[in-house]
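What follows is each chain in one-letter form.
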Amino acid sequence: MTQVLTITLNPAIDQTIPVPKLIPGEVHRATGHSSTPGGKGIGVSIILASLGVRTTATGWLGADNDSLFVQAFERNGIKDAMVRLPGNTRTNVKIVDNEAGESTDVNLPGIRLDAGEQAKDELILADRIEALARPGDWCEFGGSLPPGITVDIWLRLAKLLVKKGVNIVIDVAGSQLGEILKRWPKEVSSTVGPVMIKPNRPELEELVGRPLKHDNNEVIKAAEELRAGGVQRVVVSMGAEGALIIGPEGRWLATPPKVQVATTVGAGDTLVAGTIARLLQGSPFPDAAVFGMACAAARIQQIEFGLPPVQQVEALVKQINVTPR
């Protein structure tokens, strides 16, 4: 059975604190509090599992405070293949402005690997991933890097996985992604590129090295430049404006319905997970991406990370306006 591996090198415990209205410099009274396991790949695994997809979470995790992650993996039926490192996984604070429906994040840097042990820690992780991956599997690279770690590790893992016939989806920060894509043909494969990437508009600007006008044609042109460089499919997320879906099948603008926003935390991870889930089920790329958007629209309506019943997601699919470009 095909599985989706997710790799999270810099996970976090996400503390979400909603307040009625965020006013800088003022004292606030929180309306709630939650602590959840965070990190892009882990978020993708949680959503995939809720959609019935077999998924394994791997990467690095602090050994001293991993209980929240262990509980989440067990509760969601996710295989735990995280490599434990000495120390604590970082905590990120997300302050949700209920009135504006926006989140202000304060992200800590993460575990610093022991310099003398770094090569060994990277080798342990690579060996674990090689043992887990099978031809035809999918793998998502997600999130930031811990202090002292460079994009070299993503390129080494990509080479390993491409050789094994694994489909790779990348959702990392724009600066990381730019270097990965630049070096991919020489250091990973000149014939097989990432199956999909999901930049937002600012990240896309960073990738192509120029500002983009507030014009969808400009965004499509930039995405096609990335496809010419080897990327197979691009989903450009644009928040409330929707997403541009660009691949060999064509180009579409998908505009979501207006919904009540409780938080935007995890929306991108949910979009990626929903898209992968439907691609695995054989849906055409535009349909899969629209389902991913519907998952994201459902996710942002609730503070708790996760999805409502899939029937509610399918109802949102019907409300997304999709137009060829």
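Residues numbered from 1 in each chain as written. Predicted model: local features only at pLDDT ≥ 70, side-chain atom pairs only at ≥ 80, totals over all residues. Heavy atoms only, no water.

Colleague: Any chance you could explain the UniProt feature "domain: Carbohydrate kinase PfkB" (unreviewed entry) in the protein chain here in plain terms?
Modeller: In this structure's numbering, the residues bearing the UniProt feature "domain: Carbohydrate kinase PfkB" (unreviewed entry) are residues 13–303. For residues 13–303, the helix share is 38%, the strand share is 23%, and the end-to-end C-alpha distance is 15 Å. (UniProt positions renumbered as here; feature names shortened; annotations may be inferred. Helix = DSSP H or I, 4+ residues; strand = E, 2+ residues; numbered from the N terminus.)

Colleague: Can you help me understand the packing of helix α9 (residues 285–299) against helix α10 (residues 310–317) in this one?
Modeller: Relative placement of two packed helices is described by the angle separating their axes and the distance separating the axes. Packing of α9 against α10 leaves a shortest axis separation of 8 Å and a crossing angle of 115°. With respect to the hand of their crossing, α9 and α10 are arranged in right-handed fashion. On α10, the residues that touch Val-290, Phe-291, Ala-294, Cys-295, Ala-297 and Ala-298 of α9 are Val-310, Val-313, Glu-314, Leu-316 and Val-317. (Axes fitted to C-alpha atoms, helices over the stretch in contact; angles between N-to-C directions. Left-handed = near helix turned anticlockwise from the far one by under 90°. Contact = heavy atoms within 4.5 Å.)

Colleague: What exactly am I supposed to notice about the pairing of strand β5 (residues 79–85) here?
Modeller: The two faces of a sheet get side chains in turn, since along a regular strand they alternate between them. The pairing of strand β4 (residues 55–62) with β5 spans seven bridges and is classified as parallel. By the bridge assignment, Thr-58 is partnered in β5 with Ala-81. As a crossover connection, the stretch from β4 through helix α2 (residues 67–76) into β5 is right-handed. (Pairing = 2+ DSSP bridges. Right-handed = clockwise from strand over helix to strand, strands pointing away.)

Colleague: Could you clarify how one ought to interpret the sheet that holds strand β7 (residues 102–106) in this entry?
Modeller: Within a beta sheet, neighbouring strands are joined by backbone hydrogen bonds and run either parallel or antiparallel to one another. Taken in spatial order, the four strands of this open sheet run β3-β2-β6-β7, and their pairing is mixed. On the outer flanks of this sheet lie β3 (34–38) and β7, each paired with one strand and no other. Neighbouring strand axes in the sheet, compared pairwise and without regard to direction, differ in orientation by 30° on average. Pairing of strand β2 (residues 12–19) with β3, which is carried by five bridges, proceeds in the antiparallel orientation. By the bridge assignment for β3, Asp-14 is matched with Thr-36.

Colleague: Is there a simple way to explain the pattern of salt bridges in this structure?
Modeller: Between side chains of opposite charge, pairing is possible as soon as their charged atoms come close. Evaluated as defined, the whole model comprises 17 salt bridges. Ionic pairing is found between Arg-183 and Asp-152, a salt bridge with its closest N-O pair at 2.7 Å. Remark: Asp-152 occurs in helix α4 (residues 152–163) and Arg-183 occurs in helix α5 (residues 174–187); sequence separation between them is 31 residues. Since its relative accessible area comes to 19%, Arg-183 is described here as buried. Between Arg-183 and Glu-179 there is a salt bridge; the shortest N-O distance is 2.7 Å. Of this pair, Arg-183 and Glu-179 both sit in helix α5, separated by four residues, roughly a single helical turn. Because the salt bridges share partners, they merge into one network encompassing Asp-152, Glu-179, Arg-183 and Glu-187. (Salt bridge = Lys/Arg side-chain N within 4 Å of Asp/Glu carboxyl O. Buried < 20%, exposed > 50% of the residue type's maximum accessible area, 1.4 Å probe, protein only.)

Colleague: Is there a simple way to explain the side chain of Asn-10 in this structure?
Modeller: Mapped onto the fold, Asn-10 is located in the loop between β1 (4–8) and β2. On the accessibility criterion, Asn-10 (5% relative accessible area) is buried. A distance of 3.3 Å separates the side chain of Asn-10 from the backbone oxygen of Pro-109, its partner in a polar contact. Of the polar contacts made by the side chain of Asn-10, one reaches the side chain of Ser-144; its length is 3.0 Å. (Polar contact = N/O pair within 3.5 Å; in protein donor to acceptor, adjacent residues only side chain to side chain.)

Colleague: Looking at this structure, how should I read the packing of aromatic side chains?
Modeller: Each pair of aromatic rings is reported with the distance of its centres and the angle of its planes. With the rule as written, the count across this model stands at one aromatic pair. When the ring of Phe-141 is compared with that of Trp-154, the centres are 4.6 Å apart and the planes differ by 20°; the resulting orientation is stacked. Here Phe-141, found in strand β8 (residues 138–142), pairs with Trp-154, found in helix α4; they are 13 residues apart in sequence, far enough to count as distant. Look at Phe-141 and you get buried, because its relative accessible area is 1%. Residue Trp-154 is classed as buried on the basis of its relative accessible area, which comes to 0%. (Phe/Tyr/Trp six-rings, centres within 6.5 Å; stacked < 30°, edge-to-face > 60°.)

Colleague: When you look at α9 in this model, what are you seeing that I'm missing?
Modeller: Along an α-helix, residues three or four positions apart point the same way, because every turn accommodates 3.6 residues. Compared with an ideal rise of 1.5 Å per residue, which puts 15 residues at 21 Å, α9 spans 21 Å between its outermost C-alpha atoms and is within 8% of the ideal. Of all the 15 residues making up α9, 14 are buried; the element is thus mostly covered by neighbouring parts of the structure. (Expected span 1.5 Å × (residues − 1).)

Colleague: Sorry, what's going on with the environment of Gln-15 here?
Modeller: As for its placement among the helices and strands, Gln-15 is situated in strand β2. Taking relative accessible area as the criterion, Gln-15 reaches 25% and is therefore assigned partly exposed. Taking the C-alpha atoms as reference points, Gln-15 and Val-93, 78 residues apart in sequence, are found 4.9 Å from one another. Those residues in contact with Gln-15, other than ones at most four positions away along the chain, are His-33, Ser-34, Ser-35, Thr-91, Asn-92, Val-93 and Lys-94.

Colleague: It is not clear to me how the environment of Ala-240 should be interpreted in this structure. Could you clarify?
Modeller: Inspection of the secondary structure puts Ala-240 in the loop between β11 (234–237) and β12 (243–247). In sequence terms Ala-240 and Lys-258 are 18 residues apart; their C-alpha atoms lie 7.8 Å from each other.

Colleague: Where do I start with the side chain of Ser-45 in this structure?
Modeller: Checked against the element boundaries, Ser-45 lands in helix α1 (residues 40–50). Beyond its immediate sequence surroundings of up to four residues, Ser-45 is in contact with Thr-6, Thr-55, Thr-56, Ala-57 and Ile-78.

Colleague: Any chance you could explain α5 here in plain terms?
Modeller: When the terminal C-alpha atoms of α5 are compared, their 19 Å separation across 14 residues agrees well with the 20 Å that a helix rising 1.5 Å per residue should span. Of all the bends in α5, the greatest reaches close to 30° and is centred on Leu-181; the proline Pro-185 follows between one and four positions later. Those residues of α5 lying buried are Gly-174, Gln-176, Leu-177, Ile-180, Leu-181, Arg-183 and Trp-184. Its buried side turned inward, α5 meets α4, β9 (167–171), β10 (196–197), α6 (201–208) and α7 (216–228). (Bend = angle between axes of the 7 residues up to and from the residue.)

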